[in-house]
Amino acid sequence: MLDHLVYAGPDLAEAVARVTALTGVTPAPGGSHVGLGTANHLADLGAGMYLEVIGPDPAQPEPANPRPFGIDDLTEPALVAWAVRTTDLDATIAQARAHGFDPGDAREMSRETGDGELLRWRLTPPSAPGTLRPFLIDWGSTPHPTTRGLPSIPLLMVTGTHPDPESVREATDALGLEFLVRRTDKASLTAALSSREGRQVALS
């Protein structure tokens, strides 16, 4: 199932402000990814899913390696990735590979919350920007972010566009997922959300 959507930008405060202006809801501070040079804010999308707004962390020095999700190359905020939750990451990786999609090797990740709590999880590397292929995440024994009383921005639908929709479907089929991708000359993700006033708005 969909775990979360990633809305990334070159300036974290600006990315959060754009979500707030669009939806009327301000994502809550999540924490810092120590060593990666990033921090995030989060909002609950409903049904155990959430929105991650991520960007450079002003409190950290420049990281040794490029920030994830192509953040260093972005000129404005964009919906750049989506994560699929699994409770057995190694088995899901093996199953995907057996069906023709290699999501990459699992790795450990962590985030420090504002009150000093260290959260740990495992995931596969996010795909290169523009591929629209999901990455996998396994929270293990860590409580899911949606258990933390996040502000709510209900998700209505997620769709994608891509010059080669079949390359995206190879991944989603291997994972047993349904995902609508239309053929256009540019790769993009769009989330239809319900604003605070109940209007449908698009985050892309």
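As the structure is a prediction and not an experimental result, all values here were calculated from the model.

Calculation notes
Residues numbered from 1 in each chain as written. Predicted model: local features only at pLDDT ≥ 70, side-chain atom pairs only at ≥ 80, totals over all residues. Heavy atoms only, no water. Pairing = 2+ DSSP bridges. Helix = DSSP H or I, 4+ residues; strand = E, 2+ residues; numbered from the N terminus. Salt bridge = Lys/Arg side-chain N within 4 Å of Asp/Glu carboxyl O. Axes fitted to C-alpha atoms, helices over the stretch in contact; angles between N-to-C directions. Contact = heavy atoms within 4.5 Å. Buried < 20%, exposed > 50% of the residue type's maximum accessible area, 1.4 Å probe, protein only. Core = buried A, V, L, I, M, F, W, Y, C linked by side-chain atoms within 4.5 Å.

Asker: I keep staring at the pairing of strand β9 (residues 155-162) and nothing clicks. Help me out?
Answerer: It is a general feature of regular strands that their side chains alternate between the two faces of the sheet. In this structure, β9 lies alongside strand β11 (residues 188-194), joined through six bridges in antiparallel fashion. Of the residues in β11, the one forming a bridge with Met 157 is Ala 192. Bridge count for β9 against strand β10 (residues 181-183) is three bridges, and the pairing is parallel. Considered in β10, the bridge of Thr 161 is made with Arg 182.

Asker: Looking at this model, I keep getting lost on the pattern of salt bridges. Mind explaining?
Answerer: Opposite charge on two side chains allows them to pair when their charged atoms are near. If you walk through the whole model with that rule in mind, you get twelve salt bridges. Residue Arg 97 pairs with Asp 105 through a salt bridge whose shortest N-O separation is 2.8 Å. One salt bridge in this structure joins Glu 170 and Arg 133, with 3.2 Å as the shortest N-O distance. Of the two residues, Glu 170 is situated in helix α3 (residues 165-174) and Arg 133 in the loop between β7 (118-123) and β8 (135-138); the sequence distance between them amounts to 37 residues.

Asker: Would you explain the sheet that holds strand β6 (residues 107-113) in this entry?
Answerer: Strand pairing in a sheet relies on backbone hydrogen bonds. The paired strands run either parallel or antiparallel. In spatial order, the strands read β1-β4-β3-β2-β6-β7-β8-β5; together these eight strands close into a barrel with mixed pairing. Taking the axes of each pair of neighbouring strands and ignoring which way they run, one obtains an average angle of 35° across the sheet. The pairing of strand β1 (residues 2-8) with strand β4 (residues 49-56) spans five bridges and is parallel. Bridge assignment links Val 6 to a residue of β4, and that residue is Glu 52. Here helix α2 (residues 89-98) sits on the sheet and contacts β7 and β8; the angle it forms with β8, its principal contact strand, is near 155°.

Asker: Is there a simple way to explain unusual backbone geometry in this structure?
Answerer: For residues that are not glycine, phi is negative in most cases, and the peptide bond is trans in most cases. Positive phi values are uncommon outside glycine, yet Phe 69 reaches one of about 65°. Among the structural elements, Phe 69 can be located in the loop between β4 and β5 (78-85). The phi angle at Leu 132 is positive, at roughly 65°, despite the residue not being glycine. Among the secondary structure elements, Leu 132 is positioned in the loop between β7 and β8. We classify Leu 132 as buried; its relative accessible area is 7%.

Asker: Is there a simple way to think about the nonpolar core in this case?
Answerer: Of all hydrophobic cores here, the largest spans 38 residues; its most connected members are Leu 5, Leu 51 and Leu 155. The element best represented in this core is helix α1 (residues 12-23), accounting for four residues. If we ignore the near neighbours within four places in the chain, the residues touching Leu 51 are Leu 5, Tyr 7, Val 19, His 41, Leu 42, Ala 43, Leu 45, Leu 79 and Leu 203. With 17 residues, the next largest nonpolar core counts Trp 121, Phe 135, Trp 139 and Leu 150 among its residues.

Asker: Whenever I open this one, α3 confuses me. Can you help?
Answerer: Given 3.6 residues to a turn, an α-helix orients residues that are three or four positions apart in the same direction. Looking at α3, one finds that the buried residues are Pro 165, Ser 167, Val 168, Ala 171, Thr 172 and Ala 174. Contact partners of the buried residues in α3: β5, α2, β9 and β10. Looking one or two residues beyond α3, the residue adopting positive phi is Gly 176, at roughly 70°.

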